[in-house]
Amino acid sequence: MAALTGILLAAGRGRRFDPAGARNKLLQTLPGGEPVVAASARTLLSCLPRVIAVVAPCDGGVGDILRELGCEVTVCPDADTGMGASLVHALRHAPAAEGWLVALGDMPFVADATLAALRDAVVNGAGIAVPVYEGQRGNPVAFGACHREALLGLGGDQGARRLLQAHPVTEIAVPDPGILRDIDTPSDLPA
């Protein structure tokens, strides 16, 4: 199981959350006081021994939180160009992995069991594995090493979407609405 590396994408600006940029959505607290990004990282770390977290140059303390939790933090100077740039940046820090489980820093509600199912699918030979809840695909997504070159060729804000359209995907049915729930606006934070 240790052959897969977790990637936590935590470099987005969160412009929909706060267009002025004064409040970083990843640093907002959930009930119980834990920051959004910490909850996302903690779940990924529960499933994989190595997690690379990608942060923006001016992250407001996100990197410090993730380092303290045990993530390997790397700053992506091109983070503003889109999720694809952040993903490529992370992959360059884990080129020898047998696969990657790519999670988003603004999705703190994904269940541990969902991550384990995605990890196991790739370990058992799936090239790409995605979670599905009530017929809808969600995040995170796991990739086998066979997609290394295609992933390294990504760019912009599309992320890996075109790979999911062009290659066979193993869908993993999960009883986890958290795969569809992210923090994009202040109203997405639970009271």
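These lines cover the structure that appears in this document, whether it is placed above or below. Note that the structure is predicted; figures quoted are calculated from it, not measured.

### Section: the overall build of the protein chain
- Secondary structure summary: the protein chain contains 6 helices and 8 strands in total.
- When the helices and strands of the protein chain are listed from N to C terminus, the series reads β-α-β-α-β-α-β-α-β-β-β-α-α-β.
- Viewed in the frame of its principal axes, the protein chain has a C-alpha envelope of about 45 × 35 × 30 Å.
- Across the 191 residues that make up the protein chain, the buried fraction comes to 52%.
- When the accessible surface of the protein chain is split by element, carbon and sulfur atoms take 51% of a total near 8,700 Å².
- Measuring between centres, the 15 positive side-chain charges of the protein chain sit 4 Å from its 20 negative side-chain charges.

### Some remarks on unusual backbone geometry
- With omega at 5°, the peptide bond leading from N139 into P140 counts as cis.
- By secondary structure assignment, the location of P140 is in the loop between β6 (136–137) and β7 (141–144).
- Here E134, not a glycine, exhibits a phi torsion of approximately 50°, which is positive.
- With respect to the helices, strands and loops of the structure, E134 is situated in the loop between β5 (128–133) and β6.

### Considerations on the side chain of Q28
- Locating Q28 in the fold gives a position in the loop between β1 (4–10) and α1 (36–47).
- Q28 gets classed as buried once you look at its relative accessible area, which sits at 17%.
- Residues within four places of Q28 in sequence aside, it is in contact with F17, R23, E34, P35, V36 and L189.

### Structural notes on the packing of α1 against helix α4 (residues 112–123)
- Two numbers describe how α1 lies on α4: the axes approach to 9 Å, and their chain directions differ by 45°. Taken together, the axes of α1 and α4 lie oblique to each other. Between α1 and α4 lies a crossing of right-handed hand. Two secondary-structure elements touch here, α1 through T43, L44, S46 and C47 and α4 through D112, L115, A116 and R119.

Conventions and cut-offs
Residues numbered from 1 in each chain as written. Predicted model: local features only at pLDDT ≥ 70, side-chain atom pairs only at ≥ 80, totals over all residues. Heavy atoms only, no water. Helix = DSSP H or I, 4+ residues; strand = E, 2+ residues; numbered from the N terminus. Buried < 20%, exposed > 50% of the residue type's maximum accessible area, 1.4 Å probe, protein only. Areas by Shrake-Rupley, 256 points an atom, 1.4 Å probe, with all protein chains shown as cover. Lys, Arg positive; Asp, Glu negative; His and termini not counted. Charge placed at Lys NZ, Arg CZ, Asp CG, Glu CD. Contact = heavy atoms within 4.5 Å. Axes fitted to C-alpha atoms, helices over the stretch in contact; angles between N-to-C directions. Parallel < 35°, antiparallel > 145°, perpendicular 65-115°, else oblique. Left-handed = near helix turned anticlockwise from the far one by under 90°.

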